[in-house]
Amino acid sequence: MRSVRDRRLRSRPGAFAAAVTTAVLLGGCGEAESADGGPSPTLGPTTSASATPTGTLLPPTTAPPVSTTAAAAPPAVTTTAAKPKPVAPPPQAAPPPPPSAQPGPHNTGYQHTGVKLTPMNCEKGELVIDKPGTVIDGKSIPCSVRVAADNVRITRSLIKTTAPYGIYKLDQYANLQVIDTEIAGSGKGCGYGIGFNRVHTIRANIHGCNDGVHTEQGSTLEYSWIHDLEYTGLDSDEPHNDGVQSTGSSNITIRGNTISNPRHQTSCILIGGEGGAPSNVLIEGNWLDGGNYTIYLDPNGSNRTIRNNVFGKSFVYGPANVAGQLDWAGNTFADGGEVKR
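What counts, and at which threshold
- Residues numbered from 1 in each chain as written.
- Predicted model: local features only at pLDDT ≥ 70, side-chain atom pairs only at ≥ 80, totals over all residues.
- Heavy atoms only, no water.
- Helix = DSSP H or I, 4+ residues; strand = E, 2+ residues; numbered from the N terminus.
- Buried < 20%, exposed > 50% of the residue type's maximum accessible area, 1.4 Å probe, protein only.
- Areas by Shrake-Rupley, 256 points an atom, 1.4 Å probe, with all protein chains shown as cover.
- Pairing = 2+ DSSP bridges.
- Disulfide = S-S within 2.5 Å.

So, about the overall build of the protein. Scanning the protein for helices and strands turns up 1 helix and 28 strands. Among the 341 residues that make up the protein, the fraction classed as buried is 59%. For the protein, the exposed surface amounts to about 12800 Å²; the carbon and sulfur share of it is 53%.

What follows is the structure in structure tokens.
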């Protein structure tokens, strides 16, 4: 059996594993760089707020115990324009309020906004965004998206993957915002929905890929729905799914999401340590179900908090495999029972 570390050391570039039921809980169940953090997103419209989201989990299922494999970024390509000079980020807003209901089909992706999508053309099977400040809104994009510019916003759109990713932001650029957008993986070949560093994702609906989000340095994932992860690609005989994956990055927030991985492996959230000691990590208010362990956390790092999450029982070994400095509080099972470290 391969270890979690084995999986993370098979780093990009290179090919990677392609990505259960849709919402077993309407709820259930990343490359590092310098710890410079990242700006919080400028937000689009939000749903109604309530004090604390609530949700319902269905009875657990059981998946065979399996370890993890590699997920790598695609190799960089030459874009149609030279690297732009750094651009000041747009004005920042407060974090979005929690939705009035658990994230799911009625309050994530583009459909709940009522937008009518306009088709957008792709060239050579990929949409390359290389102009700083580009806004893509209300589009149906029949290909994967590569971001090679600062301060890009993708909102109220549908992306159907044609490459090993849904949206891939090159590391040298900052502040990609993905809001109210659906990432529909192609199944055989989609390694991850969104990646990697300084990406701010809000109310996304991500499915059909091997992993949901590779959330790395200075990234946030909020009020999104990650579900129906795929395992019919390179690792079809040995699934290694993660709803959210990081490989040693810091300054990460994962808040208020529904992440479901009840019949696949390896986790709902995996914060590994191959690229460094993950610090300043906040995991709170999520609905999580599945994985060998639902949450993995590397023992190294500081200022890590896991609180007020609701766990299903579709894990293989347990709800959490965590160690080192950690604030753990208010985590419960769907039936109200306390989840201990």
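So, on to the sheet that holds strand S7 (residues 158-160). Sheet architecture is open: 10 strands sit in the order S1-S4-S7-S10-S13-S16-S19-S22-S25-S28, paired in parallel fashion. The open sheet has two edge strands, strand S1 (118-119) and strand S28 (332-333), and neither has a second partner. With 4 bridges connecting them, strand S19 (residues 258-261) and strand S22 (residues 287-290) associate as parallel partners. Among the inter-strand pairings, serine 260 is bridged to a residue of S22, identified as aspartate 289.

In the segment running from glycine 195 into phenylalanine 196, the intervening peptide bond is cis, with an omega of 10 degrees. Of note, arginine 156 is a non-glycine position whose phi angle comes to about 45 degrees, a positive value. Relative to the assigned elements, arginine 156 resides in the loop between strand S6 (153-155) and S7. For arginine 156, a relative accessible area of 26% corresponds to the partly exposed category.

Our focus in this paragraph is the state of the cysteines. What the rule picks out here adds up to 2 disulfides. A disulfide bridge connects cysteine 122 with cysteine 143, and the sulfur atoms are separated by 2.0 Å. Between cysteine 122 and cysteine 143, the disulfide has an S-S torsion of -80 degrees and is therefore left-handed. Here the residue cysteine 122 occupies a position in the loop between S1 and strand S2 (126-129), and cysteine 143 occupies one in the loop between strand S4 (139-141) and strand S5 (144-147), the gap between them amounting to 21 residues.

Moving on, we come to the environment of threonine 201. Mapped onto the elements, threonine 201 comes out in strand S12 (residues 199-202). Under the relative-accessibility criterion, threonine 201 is labelled buried at 1%. Distance in space between the C-alpha atoms of threonine 201 and threonine 215 is 9.4 Å, their sequence separation being 14 residues.

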